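# Residue-level structure breakdown
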Amino acid sequence: FGKNSASTAMKMTTPVLTRGDGEDQTMSFVMPSDYWEEGSESLAPQPLEGSGVRLERDNGGYRAAIMFGGYASKSEVSRRKMQLLENLEKDEEFVIVNGSPICLAQYNDPFTPPWKRRNEVFVPVVPRN
């Protein structure tokens, strides 16, 4: 994709991250590793004004995740989110970061057959005190 202030073409990266539902849904893309160093996001091509796209840095941390294959249908994602929450309720080591949404990570292009697809649902966690 290359619709940015510098018309710089960049390769698509994975995963594609989706949070929320309906009108509140957001989609995130991981920038190429050239822009991963602290402060290097200012060197990244800036989104076009009015595009609705913005650059944000994820500061990392612990994540609890469940991996699954196949298509990430609404029903399958919902089932996996519930599974993740149930497992975390029983977990003695970690607890969900307050107010954190569960995120869907998809690692494959739309043309990948279902038996080769990789997906995850994850949520930020911190050690339980």
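Everything discussed here concerns the structure shown above.
By convention here, each chain's residues receive numbers from 1 onward along its written sequence. It should be noted that, the model being predicted, local features are given only for residues of pLDDT at least 70 and side-chain atom pairs only at 80 or more, the latter also being counted only at that level, while totals for whole chains, interfaces and linings use all residues. Side-chain figures throughout are based on the complete set of non-hydrogen atoms in the structure, without hydrogens or water.

Next up on the list: the overall build of the protein chain. By definition, any uninterrupted DSSP run of H or I lasting at least four residues is a helix, any uninterrupted run of E lasting at least two residues is a strand, and each is numbered from the N terminus. When its secondary structure is counted, the protein chain shows 1 helix and 6 strands. The N-to-C order of helical and strand elements in the protein chain reads β-β-β-α-β-β-β. With the C-alpha coordinates of the protein chain rotated into their principal frame, the extents come out at 50 × 40 × 30 Å. For every residue, the accessible area (1.4 Å probe, protein chains only) is compared with the maximum for its type, and the residue is labelled buried under 20%, exposed over 50%, or partly exposed between those bounds. Out of the 129 residues in the protein chain, the part that is buried amounts to 27%. Computed by Shrake-Rupley with a 1.4 Å probe, the accessible areas treat only the displayed protein chains as cover when residues are assessed. Accessible surface computed for the protein chain: about 9400 Å², of which carbon and sulfur atoms make up 52%. For the charge count, each Lys or Arg is scored as positive and each Asp or Glu as negative, with His and the chain ends excluded. Each charge is placed at NZ for Lys, CZ for Arg, CG for Asp and CD for Glu. Here the protein chain holds 15 positive side-chain charges and 18 negative ones, and the gap between their average locations is 7 Å.

This paragraph deals with the environment of S51. Its location among the elements puts S51 in the loop between β2 (26-29) and β3 (62-68). What makes S51 partly exposed here is its relative accessible area of 40%. Sequence separation between S51 and Y62 is 11 residues; the distance between their C-alpha atoms is 31 Å. A polar side-chain atom of S51 sits 2.7 Å from the main-chain carbonyl oxygen of L48. In the analysis that follows, any N or O atom pair within 3.5 Å is treated as a polar contact, provided that within protein one partner can donate a hydrogen and the other can accept it, and provided that, for residues neighboring in sequence, both atoms belong to side chains.

To estimate the expected span of a helix, count its residues, drop one, and scale the result by 1.5 Å. Over its 17 residues, helix α1 (residues 74-90) extends 25 Å from the first C-alpha to the last, a length consistent with the 24 Å expected when each residue adds 1.5 Å. Whether two residues are in contact is decided by their heavy atoms: any pair within 4.5 Å suffices. Against the buried residues of α1 lie β3, β4 (94-96), β5 (103-106) and β6 (119-127).

Here the focus is unusual backbone geometry. P15 follows T14 through a cis peptide bond whose omega is 5°. By secondary structure assignment, the location of P15 is in the segment before β1 (16-19).

Two elements, β1 and β2, share 4 bridges in a ladder whose sense is antiparallel. Looking across to β2, one finds that L17 is bridged to S28. Linking β1 back to β2 in an antiparallel pair, the connection comprises 6 residues, with G20 at a positive phi of about 80°. Paired strands, as defined in this entry, are two strands with at least two bridges between them according to DSSP.

Moving on, we get to the pattern of salt bridges. For this analysis, a salt bridge means a side-chain nitrogen from Lys or Arg found within 4 Å of a carboxyl oxygen belonging to Asp or Glu. One pass over the full model with this rule turns up 5 salt bridges. Between R63 and D58 there is a salt bridge, with the nearest N and O atoms lying 3.0 Å from each other. What makes D58 partly exposed here is its relative accessible area of 48%. Among the ionic contacts, a cluster of salt bridges with common partners joins E76, R79 and R80.

In this section: the packing of aromatic side chains. For Phe, Tyr and Trp, rings pair up if their centres lie within 6.5 Å, where Trp contributes its six-membered ring, and each pair is then called stacked (planes under 30 degrees apart), edge-to-face (over 60) or tilted (otherwise). All chains considered together, the criterion is met by 1 aromatic pair. Between Y62 and F94, the aromatic rings sit 5.4 Å apart at their centres with planes inclined by 55°, giving tilted as the arrangement. Placement of the pair is Y62 in strand β3 and F94 in strand β4, with a sequence separation of 32 residues. Residue placement shows R118 over the ring face of Y107; its charged tip is 4.3 Å from the ring centre. Lysine and arginine charges are scored as sitting over a ring when NZ or CZ, respectively, is within 6 Å of the ring centre and within 35 degrees of the ring normal.

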